[in-house]
Amino acid sequence: MRLIPLYTWTKGLHSMKISQTNFMKQPWASGVTLLVCVIIAMLLANLPITAHFYHACLETSLSMTISNETFSITFPQDMTVEKFINDILMVIFFFTVGLEIKREVVCGELSSVKKALLPVIAAAGGMAVPALFYTFFNVGTNTAGGWGIPTATDIAFAVGIMSILGNKVPISLKVFLTALAIADDLGAILVVALFYGGDINIPLLCIALVIIGAVYIMNKLGEKRMMFYLIPAIIVWFLFYYSGIHSTMSGVVMAFMIPMDARFNRSYLNRCNRKYITRIIRYDDDEFEQGVPFPNGPQRHCLRRMSYITNNSIGMSYRLEHALDPWVNFLIMPIFALANAGVVIPDISFFNIFQALPLEGVGMVGMGIFFGLLFGKPIGITLASFIAIKCKVGAMPEGASWKMLFAVACLGGIGFTMAIFVDTLSFGELAPAATDMLRSFGKIAVLLGSLSAGILGSILITLFAKMEAKTQ
């Protein structure tokens with residue numbers, strides 16, 4: 001699900017010669033890293049020599065207890081390594097997603113009604129139809145609540161495949177799928193917030209809303225200092241964690257509170273730069289002959305001041321997004337994959353996602369997820385796009401055909417990060433043993449469905465690109 005800035009499509013897509021130093025800058029690098037982590041997690045969870053160690057690490061307690069003769073406090077309660085990853089590290093992931101969504105809404109591909117309508121409508125179709133596929137196989141069963149699993153697109157893998165395919169995919173469709181994924185992320189966030197929380201603690205939620213309101217007012221009053229946003233963000237996470245709303249939602253909410261306007265405007269930057277540059281370049285011949293090092297004390301002060309002013313001439317939202325992006329793509333998401341993709345495979349039949357699990361009252365979870373990703377996503381995206389374009393509320397991406405749009409929509413069926421995240425929140429109302437089995441089975445279905453969607457999309461894109469090349 002991780003978003004890739006749209007400008008990355010305009011550079012370097014034709015070159016596959018990657019050095020070690022610029023690997024992290026490639027649009028497909030995060031997808032490759034995630035895939036490697038999935039394979040490692042599967043091996044760690046199933047090899048006899050590592051399986052016990054792997055699960056013991058995830059179940060290790062991270063709670064801290066303070067006690068004496070009169071009282072005992074444990075914080076956070078029941079915190080394990082796995083919960084730390086899913087409830088704390090993933091907050092940073094969702095925070096970054098929130099920053100990216102806000103950027104695209106304010107000044108990107110979703111910044112105007114004309115730009116936003118087609119990808120937003122396509123994203124809605126790409127969420128509704130997979131949910132219907134899942135519901136068809138699970139209606140009236142105890143597993144009907146897992147409909148949110150196949151609804152989200154993992155843009156990291158989709159971007160990786162499109163990058164490898166190079167110029168076979170029109171740039172307009174790459175932008176379309178990326179913008180669609182942004183809208184898709186927002187929809188997935190709303191699904192998690194509305195349907196996958198716990199029992200709501202109203203007083204704690206009200207306190208959190210008061211703090212969020214205060215931060216919003218502070219933003220409107222022009223406050224640009226970072227600590228006045230990050231400290232409330234930590235408090236809001238704590239309140240969300242104990243209020244019953246999934247704590248990751250605090251990351252999204254607080255991301256929308258971060259100001260995009262810079263602390264210093266252009267005229268102030270120009271005045272200060274002229275003032276300090278004049279002092280920095282003032283380096284007399286006498287100082288050179290005397291061996292006075294450059295920069296000297298006053299010049300170092302000017303350079304530090306210029307660095308501070310230049311840094312604060314970029315909006316806080318942009319700075320945070322730029323700083324967090326490599327950490328999220330190459331640390332947090334791989335750790336999430338290592339912790340959540342390690343499904344125990346008791347025997348080869350567990351890969352048969354079309355089987356009915358030996359549990360009373362459950363539906364065809366594997367089939368619902370698999371067909372929702374493989375067929376529901378491309379059908380929903382293409383059908384919604386067709387309706388929007390025919391009703392003239394959206395325009396076909398430039399240089400694209402319906403065949404190629406459908407092929408690219410197949411890549412929308414790659415649903416790793418958010419799909420597995422929703423899977424970890426599903427089926428909690430069942431017995432613990434049944435819940436664990438269903439979640440593991442759901443992860444296998446997500447992996448197989450995403451793999452199949454990626455292969456199908458790649459084959460169709462290659463085939464249609466050759467057909468279009470022959471007709472030109």
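Read on for a plain summary of the structure.

Section: the packing of helix α14 (residues 365-390) against helix α17 (residues 432-471)
With their axes 8 Å apart at the nearest point, α14 and α17 run at an angle of 25° to one another. When the axis of α14 is compared with that of α17, the two are roughly parallel. Along this stretch, α14 crosses α17, giving a crossing that reads as right-handed. Of the residues in α17, those in contact with Val365, Gly366, Ile369, Phe370, Leu373 and Leu374 of α14 are Leu438, Phe441, Gly442, Ala445, Val446, Leu448, Gly449, Ser450, Ser452, Ala453 and Leu456. Counted by class, the contact of α14 with α17 contains 12 nonpolar, 5 polar and no charged residues.

Description of the side chain of Ser450
Turning to its location among the elements, Ser450 is positioned in helix α17. A distance of 3.0 Å separates a polar atom in the side chain of Ser450 from the backbone nitrogen of Gly415. Residue contacts for Ser450: discarding those within four places in its chain leaves Leu373, Gly413, Ile414, Gly415 and Phe416.

Considerations on a nonpolar patch on the surface
Taken together, the side chains of Phe375, Ile379, Leu383, Phe386, Ile387, Trp402 and Phe406 make up a nonpolar region of the molecular surface, amounting to roughly 590 Å² of accessible area. Listing elements by their share of the nonpolar patch, those giving two or more residues are α14 and α15 (402-411). The biggest single contributor to the nonpolar patch is α14, with 5 residues. Here Ile387 lies in helix α14.

What to know about the pattern of salt bridges
Any two side chains of opposite charge can pair, given that their charged atoms come close. Here the structure, examined in full by the defined rule, presents 5 salt bridges. With a shortest N-O distance of 2.5 Å, Glu104 and Arg103 are connected by a salt bridge. There is no split in this pair, since Glu104 and Arg103 are both buried.

Concerning the side chain of Ser250
Along the chain, Ser250 falls in helix α9 (residues 248-257). Of the residues examined, Ser250 reaches a relative accessible area of 1% and is grouped as buried. Among the polar contacts made by the side chain of Ser250, one reaches the main-chain carbonyl oxygen of Ser247 at a distance of 2.6 Å. Beyond its immediate chain neighbours, meaning those up to four positions away, Ser250 contacts Val91, Val236, Trp237 and Phe240.

Overview of the layout of surface pockets
There is about 990 Å³ of room inside the largest pocket. In terms of lining, the largest pocket is formed by 37 residues, of which the most central are Glu82, Lys83, Asn86, Thr424 and Arg439. If you list the elements that add at least two residues to the lining of the largest pocket, you get α2 (48-58), α3 (81-107), α8 (227-243), α13 (316-340), α16 (417-425) and α17. Residues that form the lining of the largest pocket fall into these classes: 15 nonpolar, 13 polar and 9 charged.

Here's the deal with the packing of α14 against α15
Interaxial distance between α14 and α15 falls to 8 Å at its minimum, and their mutual angle equals 140°. Here α15 runs oblique to α14, going by the angle between their axes. Once α14 is placed against α15, the crossing between them reads as right-handed. In this structure, α14 uses Lys377, Pro378, Ile381, Thr382, Ser385, Phe386 and Ile389 to contact α15, whose residues at the interface are Trp402, Leu405, Phe406, Ala409 and Cys410. Residue composition of the contact of α14 with α15, grouped by class: 9 nonpolar, 2 polar and 1 charged.

A closer look at unusual backbone geometry
Positive phi outside glycine occurs at Lys392, with the angle close to 60°. Of note, Lys392 is situated in the loop between α14 and α15. We note that Phe427 has phi near 65°; this positive angle belongs to a residue other than glycine. Taking the relative accessible area as the measure of exposure, Phe427 reaches 3% and is therefore buried.

Parameters at a glance
- Residues numbered from 1 in each chain as written.
- Predicted model: local features only at pLDDT ≥ 70, side-chain atom pairs only at ≥ 80, totals over all residues.
- Heavy atoms only, no water.
- Axes fitted to C-alpha atoms, helices over the stretch in contact; angles between N-to-C directions.
- Helix = DSSP H or I, 4+ residues; strand = E, 2+ residues; numbered from the N terminus.
- Parallel < 35°, antiparallel > 145°, perpendicular 65-115°, else oblique.
- Left-handed = near helix turned anticlockwise from the far one by under 90°.
- Contact = heavy atoms within 4.5 Å.
- Nonpolar A, V, L, I, M, F, W, Y, C, P; charged D, E, K, R; others polar.
- Polar contact = N/O pair within 3.5 Å; in protein donor to acceptor, adjacent residues only side chain to side chain.
- Patch = residues over 30% accessible without salt bridge, like charges linked within 9 Å, V, L, I, M, F, W, Y side chains within 5 Å.
- Areas by Shrake-Rupley, 256 points an atom, 1.4 Å probe, with all protein chains shown as cover.
- Salt bridge = Lys/Arg side-chain N within 4 Å of Asp/Glu carboxyl O.
- Buried < 20%, exposed > 50% of the residue type's maximum accessible area, 1.4 Å probe, protein only.
- 1 Å grid on protein atoms, 1.4 Å probe; cavity = no way out; pocket = protein on both sides within 12 Å on 5 of 7 lines; lining within 4 Å.
- Points joined across faces, edges and corners; volume = space filled by probe spheres on them.

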